Amino acid sequence: MSLRRFLRITLAATALLAVAALGGLGWFNWWIRHTWMPIHPVCWDGEALVQFTEPLTPEAHELFLRYVSWTRARDAEKYRAQRATYVRVIGSQAYVRTWFWLLGPVEMMNLQAYFENDLEKRFNKGEIVTCLGLARIATIRRSDHYATEPYISDSTSEILTPFTFGVEREREGEYSLVGRLFQHFDDIPPQPSSGKRH
């Protein structure tokens, strides 16, 4: 094979890989901005942070929805307005834009801490800490068996963040060029999901 032919093949392969990478990055940025994920309380199940999908008591469920949507009386109007752009409560289920599900483990853990603190006060219990503790005091069955779904780790979230072009700041009205481009696309409605039993 001549050097010229080799260079042509190399350039063609490089161009194809670049187009594929840009296409994948474009799809990823559309997906995180325009699709929705169901969101649940998070808790520690062994060493993993998971979404707790076991049905909560009506009181606990209402409390969680208030925290996830910032509709508590003491929440500032600014945060309620921001949260309304990436949180939807449809029926009894809360949904968030996929970017928040992917990039929000720390924020969800902070929210969960407040949620659990209020639960502990209402039920006059000690610290909940784990999924098992949450199951025993805040679920309809109040047993050691509960349903969960996987949740992204904080380290994975940190790896993905640079490829999102500032999507987290969009809730504050700050858009990168990529963010402005994807404003022109329509949302995909939330989809139902199911959990697994422990």
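Residues numbered from 1 in each chain as written. Predicted model: local features only at pLDDT ≥ 70, side-chain atom pairs only at ≥ 80, totals over all residues. Heavy atoms only, no water.

Q: Tell me about the state of the cysteines, and name the residues and values.
A: The term disulfide refers to a covalent linkage connecting the sulfur atoms of a pair of cysteines. Scanning all chains against the criterion turns up one disulfide. Residue C43 pairs covalently with C131 via a disulfide, S to S 2.0 Å. Across the S-S bond linking C43 and C131, the dihedral sits near 95°, which makes this disulfide right-handed. You can see C43 sitting in strand 2 (residues 42-45) and its partner C131 sitting in helix 6 (residues 131-138), a full 88 residues away along the chain. Look at C43 and you get buried, because its relative accessible area is 2%. (Disulfide = S-S within 2.5 Å. Helix = DSSP H or I, 4+ residues; strand = E, 2+ residues; numbered from the N terminus. Buried < 20%, exposed > 50% of the residue type's maximum accessible area, 1.4 Å probe, protein only.)

Q: Run through the pattern of salt bridges, naming residues and quoting values.
A: Across all of its chains, the model carries 10 salt bridges by this definition. Close ionic contact of E59 with R122 constitutes a salt bridge, the shortest N to O distance being 3.4 Å. With E59 in helix 2 (residues 58-69) and R122 in helix 5 (residues 105-123), the pair connects residues that are 63 residues apart, well separated along the chain. According to the relative accessible area criterion, R122 is partly exposed, its value standing at 43%. Among the charged side chains, a salt-bridge network with shared partners connects R83, E107 and R171. (Salt bridge = Lys/Arg side-chain N within 4 Å of Asp/Glu carboxyl O.)

Q: How would you explain the sheet that holds strand 4 (residues 87-90) if you had to name every residue and give the values?
A: Strands sit in the order 1-5-4 across an open sheet of three strands; the sheet is antiparallel. The two strands at the open ends of the sheet, each matched to only one other strand, are strand 1 (36-39) and strand 4. Pairwise comparison of adjacent strand axes, ignoring direction, gives a mean angle of 35° for this sheet. When strand 4 meets strand 5 (residues 93-97), the two strands line up antiparallel, connected through four bridges. When the sheet's bridge partners are listed, I90 is paired in strand 5 with Q93. (Pairing = 2+ DSSP bridges. Axes fitted to C-alpha atoms, helices over the stretch in contact; angles between N-to-C directions.)

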